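Coordinates in review
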Amino acid sequence: MSDVAKTERLFRDLDLLEPILRALDETGYEKPTPIQSRAIPPLLEGKDLVGIAQTGTGKTAAFTLPMLDFLAGDPQPPSKRCVSALVLTPTRELAAQIGDSVKTYGQHLKLRSTVIFGGVGQEPQVRAVRNGVDILIATPGRLLDLCDQGHVDLSEVEVFVLDEADRMLDMGFLPAVRRVLQMLSEERQSVLFSATMPKDIVELSKSILKDPVRVEVTPPSTTVEKIDQKLLLVEKADKRALLSHLLNDDAIERVLVFTRTKHGADRVVKHLRRDGHTAEAIHGNKSQGARERALSGFREGRITTLVATDIAARGIDVDGITHVVNFDLPNVPETYVHRIGRTARAGREGVALSFCDVEERPLLLDIEKSIRLQIPRFGEHPFQSSEPLVRPSEKRPDLQPGGRRGGRSKSSNSSRSGRSGGRGRRGSQGRRGR
Ligand code: AMP
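Along each chain, the written sequence defines residue order, and numbers are assigned to residues from 1. Per-residue local features are limited, in this predicted model, to residues with pLDDT of at least 70; the limit for side-chain atom pairs, both in listing and counting, is 80 or more; totals at the level of whole chains, interfaces and linings are taken over all residues. Note: side-chain values were computed over all heavy atoms of the structure, leaving out hydrogens and water.

Once that is clear, we can look at the site of the ligand. Neighbouring residues of the ligand: 15 residues in total, closest Tyr29, Gln36, Gly56, Gly58 and Thr60. With respect to the ligand, the side chain of Thr60 contributes an N or O atom lying 2.6 Å from an oxygen atom. Within the complex, the protein chains bury 78% of what would otherwise be the 500 Å² of accessible surface of the ligand. One heavy atom within 4 Å of a molecule or strand is enough for the residue carrying it to be called near that molecule or strand. Between N or O atoms, a polar contact is any pair within 3.5 Å; within protein, one atom must be a potential hydrogen donor and the other a potential acceptor, and residues adjacent in sequence are included only when both atoms are from side chains. Working definition of accessibility: Shrake-Rupley area with a 1.4 Å probe, residue cover restricted to the visible protein chains.

Structural data, given as structure tokens:
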């Protein structure tokens, strides 16, 4: 009974300020997602938090709503160049999306927010922060530039969010993040979100967070359940023709294709266009303008196929992706889960098609081990690889070394922590450090 009550929790039960609830209502959100219902109460109490969740879980609102609540509950007069809440995120696309979320959820509040990122002129950003802002959303490089030039003062930050910490690590931003941390005051609430927790991020979180509440949602094995995953064995040289063939299916409305390299992405696009498909590539060699044009074309349905590298795809938040194609398999199994999670968002169903050539078979086995699932074969296709796939578990027992059966692994009892702690009303302490 208490479990039912917990899953049926509404935003109204979360003790958020009325203007925030109204904005959520107008946005059409009825119920908090699991990360939201578990992260918002401790954050409203002012606790530090480590959230293990990927894009698509609703994590942005999970950290944005308590931040808005906190700042609006005790408004401060603007102070030159100062920032009250800082969100650090790895890519400009993510920064822009978080900025949009802050504006949406905070539309009935009088808080000033701005977004800063590299790749565009800094003057408008300098003007935006000149008189101070309540919420600053930034990528690390540009933020440091503006701090070094004296345009931004981080010494009064009361809420600090490090978003997508594992991507920060992948993209080489950890030294920049550490420099930003040195500029913050000790008196602050800190939040770290990461889809995965490699060792470096565990270490980093220890240096940022004080006695944090840990909230973890959608471990890989459950994230992928809603997605119809299929494996297509194909020779490397036939991959482009296979993709083109699959795209003739009308069920594919919006497809995100992942390639390992930027050149690979460009080659795929060229090939698809030659075959009459609408496709664009998005990767680090494209200008900001070209990336934005490709994204808006994709979002608005003028372009069916977007071909991306992993890093470029990080910031893509497009609803209604019906299919994800792993044109090349990723080297890291977790990336597979990340990629296919781009479809089947917000409760919808999605399809993930993975191409696998002979050289990629070890990668496939790693992925299957990690997701604890053998990806089922796609039915017939005209570019079938001639080399059969034999998984270790499919080898006949008498052919295995020692002739012993592998034996099924014991059923693992995943224990859920589900800690949400006792909720006390916030606000009694006022803003920390003041
Ligand atoms: P995020 O994980 O923050 O990137 O959010 C993923 C998507 O879910 C975004 O498109 C959000 O607008 C949407 N979203 C976030 N919270 C909710 C909610 N409580 N109900 C419905 N949609 C949501």
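Next comes the rest of the account.
At least two DSSP bridges between two strands are needed for those strands to be called paired. Here a helix means four or more residues in a row that DSSP labels H or I, a strand means two or more in a row labelled E, and each is numbered from the N terminus. Spatially, 6 strands are ordered β8-β13-β12-β9-β11-β10 in an open sheet, and the strand pairing comes out parallel. Edge strands, defined here as strands with exactly one partner in the open sheet, are β8 (227–233) and β10 (279–282). Between one strand and the next, the sheet's axes are offset by a mean angle of 20°, whatever the strand orientation. The pairing of strand β12 (residues 323–326) with strand β13 (residues 350–356) spans 4 bridges and is parallel. Within β13, the position partnered with Val324 by the bridge is Ala352. Throughout, a contact is declared for two residues whenever any of their heavy atoms are within 4.5 Å. Interaxial angles span 0 to 180 degrees and are taken between N-to-C directions of axes, which are lines fitted to C-alpha atoms, for helices over the stretch in contact. Those strands touched by helix α12 (residues 239–246) are β8, β9 (255–258), β12 and β13, and its axis lies near 160° from that of β13. Running at roughly 150° to β12, helix α16 (residues 333–340) makes contact with β8, β9, β12 and β13 of the sheet.

By convention, a stacked pair of Phe, Tyr or Trp rings (six-membered ring in the case of Trp) has centres within 6.5 Å and planes under 30 degrees apart, an edge-to-face pair has planes over 60 apart, and any other such pair is tilted. The final tally for this structure, using the stated rule, is 3 aromatic pairs. Consider the rings of Phe327 and Phe355, whose centres lie 5.8 Å apart with planes at 50°: the pair is tilted. With Phe327 in the loop between β12 and α16 and Phe355 in strand β13, this pair connects stretches of sequence that are 28 residues apart. The exposure classification of Phe327 matches that of Phe355, with both residues buried. In this scheme, Lys NZ or Arg CZ marks a charge over a ring once it lies within 6 Å of the ring centre and within 35 degrees of the ring normal. One cation-aromatic arrangement involves Lys239 over Phe327; the distance from NZ or CZ to the ring centre is 5.6 Å. In this scheme, a residue with accessible area under 20% of its type's maximum is buried, one over 50% is exposed, and one in between is partly exposed, where area comes from a 1.4 Å probe on protein chains only.

Attention now goes to a positive patch on the surface. A cluster of basic residues, Lys80, Arg81, Arg127 and Arg130, forms a positive patch on the protein surface. Along the chain, Arg130 falls in helix α6 (residues 123–130). Patch members must show over 30% relative accessible area and no salt bridge, and they are joined within 9 Å when carrying like charges or within 5 Å when they are nonpolar side chains of Val, Leu, Ile, Met, Phe, Trp or Tyr. The term salt bridge refers to a side-chain nitrogen of Lys or Arg lying within 4 Å of a carboxyl oxygen of Asp or Glu. When charges are counted, Lys and Arg contribute as positive and Asp and Glu as negative, whereas His and the chain ends are disregarded. For the purpose of locating charges, the reference atoms are NZ of Lys, CZ of Arg, CG of Asp and CD of Glu.

So, about the sheet that holds strand β5 (residues 159–162). Strand order in the open sheet formed by 7 strands is β3-β4-β2-β5-β6-β1-β7, with parallel pairing between adjacent strands. The open sheet has two edge strands with one neighbour each: β3 (113–116) and β7 (213–216). On average, adjacent strands in this sheet sit at an angle of 15° to one another, irrespective of strand direction. Against the sheet, α6 engages β3 and β4 (133–138), with an angle of about 150° to β3. Along the sheet, helix α10 (residues 199–208) makes contact with β5 and β6 (189–194), crossing β6 at roughly 170°.

Residue types Ala, Val, Leu, Ile, Met, Phe, Trp, Tyr and Cys, when buried and joined through side-chain atoms within 4.5 Å, form a set referred to as a nonpolar core. By size, the foremost hydrophobic cluster in this structure holds 38 residues, and its most contacted members are Leu16, Leu49, Leu65, Met67, Ile135 and Phe193. Of all the elements, helix α4 (residues 59–73) adds the most residues to this core, at 8 residues. Residues in contact with Met67, not counting those within four places in the same chain, are Ala85, Val87, Ile135, Val159 and Val161. Counting 32 residues, the second largest nonpolar core, distinct from the first, contains Leu136, Phe160, Leu162 and Ile208.

A few words now on the confidence of the model for the chain. Per residue, pLDDT measures the predictor's confidence, with a range of 0 to 100. Mean pLDDT over the chain works out to 84, with 85% of the residues at or above the 70 mark. In the model of the chain, helix α1 (residues 2–7) stands out as the element of lowest mean pLDDT, 41, in contrast to β5, which has the highest, 98. For residues 1–7, every residue scores under 50 in pLDDT, and the model assigns this stretch 1 contact once sequence neighbours within four places are set aside.

Our focus in this paragraph is the pairing of β8. Across the 7 residues of β8, 5 count as buried, placing the element largely inside the fold. In this sheet, β13 lies alongside β8 in parallel orientation, the contact comprising 7 bridges. In the sheet register, Gln229 faces β13, and the bridge partner there is Ala352.

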